[in-house]
Amino acid sequence: MFTNFNAAEQAVHFPADRRLFLGIKPYIFVVIGILLLATVGVAWLQYLVWGLPADPSASFAPVTEADPKGFPWWLCLSHWVNFFFLIIIIRSGLSILADHPRLYWNNDCTPDSEWIKFTPLKIPDNKIWTAKDEARYLSPVVGLPGYRHTVGLARCWHFINVPFFLLNGVVFSVLLFTTNQWKRLVPVSWQILPDSWNVFVHYATLNMPVEPNGFYHYNALQQLSYFGVVFILAPVAMLSGMAMSPAIENRFHWLPKLFGNRQGARSVHFLVMLAYLAFIVIHVSMVAATGLVRNMNHIIHGTDSPTDTSGLYIGLGFILFIVAFGFFAHWLSWRRPRLLQKIEAFINGTLWKLSINKFKPEIYYSPKDISPYFWANGKIPESEEWRNMAADGFKDYKLKVGGLVDNPVELSITDLINLGKEQNITMHHCIQGWSGIAEWGGVPIKALVELVKPHANVTTVAFYSFGEGLYGGTYYDTHTLDNCMKPASILAWEMNYEPLTPAYGAPLRLRIENQLGYKMVKWIARVDFVESHETIGKGFGGKNEDDEYFDLIANT
Ligand SMILES: Nc1nc2c(c(=O)[nH]1)N[C@H]1C(S)=C(S)[C@@H](COP(=O)(O)O)O[C@H]1N2
Ligand SMILES: [Mo]
């Protein structure tokens, strides 16, 4: 429905194998079991041995002048706006996850070291298994946009909506604290903890506690969970999301450390999503179970009528709108993908250019951090030229450097070595989600720039591969001259103190550490200094940008 894929895209997006699978390490069940025992188990123990604790909601102080009465329009509106963005962010996040359907607590992403996976596949050992082979099909009913390997558009949806989600959260918080509405959500005494536990014992043992009128205040557990969703889950989602950015990871190393490491941040980002989902399910059930009509009037009209059904119908209408928007989003994804890519570039491309893209990478890792496993990606070149060179160890290889320069050159690996060598141990961040730490040795691009002397109008450097992209045609990517001049921006011939092997880009590949993996062209044939990326390929800055709607600037 709503698609116009060519044959090559069909083959990628509609694979024969669309199995759903969930694989969880046994220790996770132990953790879940302990968590259940420590909560529901203890609640039942308390109930059976000591009986039900006093219900804190039964003795609420009377509503005073200072208490919030009802819901102002901005609170109702931001509640629904938040719901709308949250659904888009969760659905697109699931599409992103499906592109590397494993979650880890370790930086190296060694297969089978994951704590949870959504792929039934075992990695074959008789052929090169790339990270792209791992991508799983996800139904477009669940994922936005769904199908297989649609990470580019999924990221457009995810990142276009994040700033608005945050803005809504900020406006909500400001209004909350400049009115007395904050009293609904923010606990003012530690008494909230024992009170919430007592309410929880009621729910867990299926004894409904007294229901306070939410028009004035919530019960203790309700208040604590609303507070947690707004003031804990949202900030943790933001921090764990930012910790996955290469531009941030290699500049503010402490951020991923908050979560253990970068993959820890990715796992926490996923767990936050699960917590949001759990909240939505419980919240909606409680809204329905404790006076649906009245509750809907609270959050739609801000009135307290127990009989007027219009709030309920408007709320249902809004949910229908979200479903309809899902169809529209699907249509947009496949009929106007360029528009989405351009909106994403306009919003986040601009934002990143002005902020995190300016950071200079710093080197944090030491040899002991080098990953025992490193995923490979991309198609090994099939061209006669590259295969012949590979057959005799790239003795005849010459890197062609040209374009708008005073001094075009052709350089052998020995010539490059003579230009100078820099060695860095850095983390690679693939757009799909996996990472790996390796040592890279090569010539600083800066040295090359000084040799060839680009003209004053050069802004961009294009790197062309011997290999092809996923849908055929020469693989290439472009970088700003500025990023090429940064520390640790090198043309590497060495990985982990050995010459590059074919799978990892022999004889020469790129490292630009504030960018995602797809910008690190492997099997480099030629480097061109140009005025703009717009006159190359389809004009979006690289093979993946042209064909898969990836970002031109890949800081996140
Ligand atoms: N020529 C070429 N270079 C490429 C690719 C490709 O498909 N072709 N894939 C990119 C992607 S998506 C990633 S994540 C990295 C992977 O590098 P690795 O194989 O060393 O892990 O290479 C990048 N360079
Ligand atoms: Mo990648």
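Since the model is a prediction, treat every value here as computed from it, not as a measurement.

**Thoughts on the nonpolar core**
- Of all hydrophobic cores here, the largest spans 63 residues; its most connected members are Trp-157, Leu-185, Tyr-276 and Leu-340.
- Of all the secondary structure elements, the ones that give two or more residues to this core are α3 (73–97), α4 (151–178), α7 (220–242), α8 (246–249), α10 (262–289), α11 (292–300), α12 (310–335) and α13 (337–354).
- A total of eleven residues in this core trace back to one element, the largest contributor, which is α3.
- With residues up to four places along the chain from it excluded, the contact list for Leu-185 reads Phe-172, Leu-176, Tyr-218, Gln-223, Tyr-226, Phe-227, Val-230 and Phe-231.
- If you look at the next biggest cluster of nonpolar residues, it comprises 62 residues, including Trp-129, Val-405, Ile-512 and Ala-554.

**Section: unusual backbone geometry**
- In this chain, Leu-144 is followed by Pro-145 through a cis amide linkage whose omega measures 5°.
- Assignment of secondary structure puts Pro-145 in the loop between β3 (116–117) and α4.
- Located in the positive-phi region is Asp-112, a residue other than glycine, with phi close to 80°.
- One can find Asp-112 in the loop between β2 (102–103) and β3.

**Structural notes on the side chain of Gln-46**
- Residue placement: Gln-46 occurs in helix α2 (residues 26–50).
- With residues near it in sequence (within four places) discarded, Gln-46 still touches Gly-51, Pro-53, Trp-197, Asn-198 and Val-201.

**A closer look at the site of ligand 1**
- Around ligand 1 sit 18 residues in total, of which Trp-375, Ser-465, Arg-509, Met-520 and Lys-522 are the nearest.
- The side chain of Lys-522 places a nitrogen or oxygen atom 2.4 Å from an oxygen atom of ligand 1.
- Its free accessible area being 530 Å², ligand 1 has 99% of it covered by the protein chains.
- Each residue belonging to the shell around ligand 1 can be placed in one class, and the counts come to eleven nonpolar, five polar and two charged.

**Quick look at the domain arrangement of the protein**
- Taken as a whole, the protein is organised into domain 1 (7–100 + 135–355) and domain 2 (360–548).
- The straight-line distance from the C-alpha centre of domain 1 to that of domain 2 is 40 Å.
- Taken residue by residue, the interface counts 27 residues in domain 1 and 24 residues in domain 2.
- Taken together, the two surfaces of domain 1 and domain 2 that pack against each other cover about 2,200 Å², and 53% of this comes from carbon and sulfur.
- For the domain 1 face of the interface with domain 2, the top three residues by lost area are His-100, Asn-250 and Arg-262, together amounting to 25%.
- On the surface where domain 1 and domain 2 come into contact, there are one salt bridge.
- Residue Glu-362 pairs with Arg-251 through a salt bridge whose shortest N-O separation is 3.8 Å.

**Let's talk about the environment of Gly-291**
- Following the sequence through the fold, Gly-291 ends up in the loop between α10 and α11.
- In this structure the C-alpha to C-alpha distance between Gly-291 and Asp-392, which are 101 residues apart in sequence, comes to 77 Å.

**Re the sheet that holds strand β5 (residues 409–411)**
- With mixed pairing, five strands are arranged side by side in an open sheet as β5-β4-β13-β8-β9. Each edge of the open sheet carries a strand with a single partner, namely β5 and β9 (474–480). Neighbour to neighbour, the strand axes of the sheet diverge by 20° on average, direction disregarded.
- Both strand β4 (residues 399–403) and strand β13 (residues 524–530) contribute to a ladder of four bridges, which runs parallel. Its bridge partner lying in β13, Gly-402 is registered against Asp-528.
- Contacting β4, β5, β8 (460–468) and β13, helix α16 (residues 445–452) runs over the sheet at an angle of about 140° to β5.

**A short note on the pattern of salt bridges**
- For the structure shown, the criterion picks out 16 salt bridges.
- As a salt-bridge pair, Asp-17 and Arg-19 come within 2.9 Å of each other at their nearest N and O atoms.
- By sharing partners, the salt bridges in this structure join Asp-17, Arg-19 and Arg-136 into a single network.

Parameters and conventions
Residues numbered from 1 in each chain as written. Chains lettered and ligands numbered in written order. Predicted model: local features only at pLDDT ≥ 70, side-chain atom pairs only at ≥ 80, totals over all residues. Heavy atoms only, no water. Core = buried A, V, L, I, M, F, W, Y, C linked by side-chain atoms within 4.5 Å. Buried < 20%, exposed > 50% of the residue type's maximum accessible area, 1.4 Å probe, protein only. Helix = DSSP H or I, 4+ residues; strand = E, 2+ residues; numbered from the N terminus. Contact = heavy atoms within 4.5 Å. Near = heavy atom within 4 Å. Polar contact = N/O pair within 3.5 Å; in protein donor to acceptor, adjacent residues only side chain to side chain. Areas by Shrake-Rupley, 256 points an atom, 1.4 Å probe, with all protein chains shown as cover. Nonpolar A, V, L, I, M, F, W, Y, C, P; charged D, E, K, R; others polar. Domains from an automatic or database assignment. Buried area = accessible area lost by both parts, 1.4 Å probe. Salt bridge = Lys/Arg side-chain N within 4 Å of Asp/Glu carboxyl O. Pairing = 2+ DSSP bridges. Axes fitted to C-alpha atoms, helices over the stretch in contact; angles between N-to-C directions.

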